[in-house]
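Coordinates in review
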Amino acid sequence: MAFKSRISGLDFKPKQKRQRPARLQRWHWIALGISSFTALALLLATKDEAGAIPNHNALQQLPEQIPEEAAATRILDLPIPKLQRTTIDASSPASPHILAAPIADHPSEATPNLLPTAFDTSTTADETITKQPNTLGGGTQAKWEVVHVKQGDSLTTLLKRQGLSSKDIFDVTHADDDSARTLAQLFPGDKIWLRVSGNGTLLALRRRLDETKTLTIARGSSADIGFQTTLTEHQLERRIAHATAVIHDSLYQAAVKAGLDDKLIMKLTGIFGWDIDFAHDVRSGDSFTLVYRQYYRNGEKIRNGEIVAAEFANQGKRYRAIRYTAPSGRSGYYTPEGKSMRKAFLRTPVDFRRISSRFNKSRCHPILHVCRPHEGTDFAAATGTPIQAAGDGLVAFAGRRGGYGNAVILQHAHRYSTLYGHMQRIRKGIRAGVQVTQGQIIGYVGQSGLATGPHLHYEFRVNGVPRDALKVTLPDAKPIDSRYLADFKAKALSRLAQLTVITRTQLASNEENDQTIR
Ligand SMILES: [Zn+2]
């Protein structure tokens, strides 16, 4: 455990190579070579992660690529981290205060164990706290226990069910106004951690408020102090991870094997979905590489974050995408040249079951029994299915419009406009003059107006002329603003180098063992 935390606590600096013990010299050159290679990749990798983000991030995702001996050498290289253990002293009187976990500032030090290491998933005790002298526990070591909030629970009913005394319940729920308010809002499935002494006295209560904050209400050391509130803040640490795989059976299987969760897979297909039809175009031998963020709290992974760079090789053609957040705050994925990975319009603005009627210049209308063109595409979908704005634009019309029923017309930049008809209802807030962004929900599928069943009637017009939405050439979304292009290219360079290194490592590894690795 300590061994592992030291690995993950590595702050990878070239100067540490000088401290390599002589007896390890036969590994020196191997390790040096691998380290330099890794260092190059990492330096490139973490360049724009600077600031609050420790630059040792990627290393923690790499050990599987490093031969065991070389990794061991590097561990011996390092001074043993000082264990600056910060504990919440449950038995000392403390006024409410904030403890900032020093993780982000001191990445090379051991992770302070502020909370039970398996806080989210188990009922194990917090070692650092159970070792505190227990003044009220009759000599027994009280453990933290998790209690699950049930439907209709208040904190009082929950604590009663645990067999706590009315006085303890009153005292802990009235420790101070802020925490009382916080604890008044309980939801089924929430967890409350309790520490109760051997004789049934409540010593402390704890609740995770969000990803970064934990509230602890603990009894003071002497009886007259009562309960004291502590708010502990854990900075989330952002790390960089990567995955790469060659597809043999399906994209999904390869992605899962490479360690991706469903959300990441969705993100990956979302980035390249404009160029690659993932339902039909993926072939055995296609491959992908992605570099993505992970969020950690106290050394424990909380969740995956955004993809920052990705590559997809599809039928011999390579697509690369780099995430960029402009100083304006808007993020997007761009080609290495700074062109948007997106098109200016969604091809289909609704998740449909089938296309019930295509664009047709000489169609006979099923209700009116007259022959006249069908100037849009009908997407059959269940009533209530959300309809998205096909592109960024301005609402030109929203309301009833003859045979279209409830309809929305969007005016987009330059010459484009889109119409959405037969809506069950228009989304609240969508009215003429309102700005919408691509993908924003503007209404819901229905059959208002002249319609034989629930569907979206979608029209795509160029200079006012209806065009077949399924076939029209869609313009690219806006490229990187020219003001930010230099900044983007500088950042993209390191990401591209990173993708290249990871992909090459993967290929080399594949040749050796023909297996996908992370
Ligand atoms: Zn129609």
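Fair warning: this is a prediction, and the values are worked out from it, not measured in the lab.

Cut-off values and rules
- Residues numbered from 1 in each chain as written.
- Predicted model: local features only at pLDDT ≥ 70, side-chain atom pairs only at ≥ 80, totals over all residues.
- Heavy atoms only, no water.
- Helix = DSSP H or I, 4+ residues; strand = E, 2+ residues; numbered from the N terminus.
- Buried < 20%, exposed > 50% of the residue type's maximum accessible area, 1.4 Å probe, protein only.
- Contact = heavy atoms within 4.5 Å.
- Areas by Shrake-Rupley, 256 points an atom, 1.4 Å probe, with all protein chains shown as cover.
- Pairing = 2+ DSSP bridges.
- Phe/Tyr/Trp six-rings, centres within 6.5 Å; stacked < 30°, edge-to-face > 60°.
- Donors = N, O, S within 2.8 Å, 3.2 Å for Na, K, Ca; no water.
- Tetrahedral: all angles 85-135°; square planar, octahedral: opposite > 155°, others 65-115°.
- Arc of directions from axis to C-beta.
- pLDDT = per-residue confidence, 0-100.
- Salt bridge = Lys/Arg side-chain N within 4 Å of Asp/Glu carboxyl O.
- Polar contact = N/O pair within 3.5 Å; in protein donor to acceptor, adjacent residues only side chain to side chain.

1. A look at the overall build of the protein
A tally of helices and strands in the protein yields ten helices and 21 strands. Split into buried and exposed, the 518 residues of the protein put 47% on the buried side. Residue pairs at least 24 apart in sequence account for 66% of intrachain contacts in the protein once pairs closer than 6 positions are excluded. Surface exposure of the protein reaches about 26,300 Å², of which carbon and sulfur atoms provide 53%.

2. What to know about the pairing of strand β15 (residues 393-400)
Summarising the sheet, β15 and strand β18 (residues 435-436) pair through two bridges and their orientation is antiparallel. Pairing of G393 across the sheet is with V436, part of β18. Pairing geometry for β15 and strand β16 (residues 406-411), over six bridges, is antiparallel. Paired with V395 across the bridge in β16 is L410. The antiparallel hairpin formed by β15 and β16 contains five residues in its connecting segment, where G402 sits at a positive phi of about 50°.

3. So, the packing of aromatic side chains
On inspection of all chains with the given rule, the structure shows eleven aromatic pairs. Judged by centre distance (6.0 Å) and plane angle (50°), the ring pair of F272 and F312 falls under tilted. A residue pair is termed long-range when its members are at least 10 positions apart, and F272 in helix α9 (residues 262-272) and F312 in strand β9 (residues 300-314) qualify at 40 residues. F272 gets classed as buried once you look at its relative accessible area, which sits at 0%.

4. Here's the deal with the coordination of the zinc ion
Only H374 (NE2), D378 (OD), D378 (OD) and H457 (ND1) from the protein coordinate the zinc ion, and they sit 2.0 to 2.8 Å from it. Considering all four donor atoms around the zinc ion, the spread of angles at the metal, 52 to 151°, places the coordination shape in the irregular class. For the zinc ion, the single-chain donor residues occur in sequence as H-x3-D-x78-H. Placement of H374 in the loop between β12 (354-357) and β13 (377-380) and of H457 in strand β20 (residues 455-462) is noted, with a sequence separation of 83 residues between them. By the burial criterion, H374 is buried, and H457 matches it.

5. Considering α9
Looking only at α9, the buried set comprises L264, I265, L268, T269, I271 and F272. Angular distribution of buried residues about the axis of α9 spans 155°; they occupy a single face of the element. Along α9, the residues that are exposed and aim more than 90 degrees away from the buried face are K263 and M266. Lining the buried residues of α9 we find α8 (251-257), β8 (287-297), β9, β10 (317-325) and β11 (331-334).

6. A look at the confidence of the model for the protein
Overall, the prediction assigns the protein a mean pLDDT of 75, with 69% of residues at 70 or greater. This stretch, residues 29-139, has a pLDDT under 50; its non-local contacts, to residues over four places away or in other chains, come to 208 contacts. The model gives residues 514-518 a pLDDT under 50, and that stretch makes 20 contacts with residues more than four places away or in other chains.

7. Thoughts on the pairing of strand β7 (residues 237-246)
Burial of β7 is extensive: nine of the ten residues sit out of reach of the surface. As judged from the ten bridges shared by β7 and β8, these two strands associate in the antiparallel manner. Residue H242 lies in a different strand from β8, and its bridge partner there is V291.

8. A few points about the pattern of salt bridges
Counted according to the given criterion, the structure contains 20 salt bridges. For D171, the salt bridge identified is with K167, shortest N-O distance 2.6 Å. Here the residue D171 and the residue K167 both occupy positions in helix α6 (residues 166-173), the gap between them amounting to four residues, near one helical turn. The class for D171 is partly exposed, based on a relative accessible area of 24%. Linking E211 and R303 is a salt bridge whose minimum nitrogen-to-oxygen distance equals 2.5 Å. Of this pair, E211 sits in the loop between β4 (202-208) and β5 (213-219) while R303 is found in strand β9, placing the two residues 92 residues apart along the sequence. By relative accessible area, R303 is classed as partly exposed at 33%. Members of the salt-bridge network, linked through shared partners, are D210, K213 and E233.

9. What to know about unusual backbone geometry
Unlike most non-glycine residues, Q315 shows phi in positive territory, near 50°. Tracing the chain through its elements places Q315 in the loop between β9 and β10. The residue N463 is not glycine, and still its phi comes out positive at about 55°. Within the element layout of this structure, N463 appears in the loop between β20 and β21 (465-467).

10. Observations concerning the side chain of R208
Structurally, the position occupied by R208 is in strand β4. A distance of 3.0 Å separates polar atoms of two side chains, one belonging to R208 and the other to T214.

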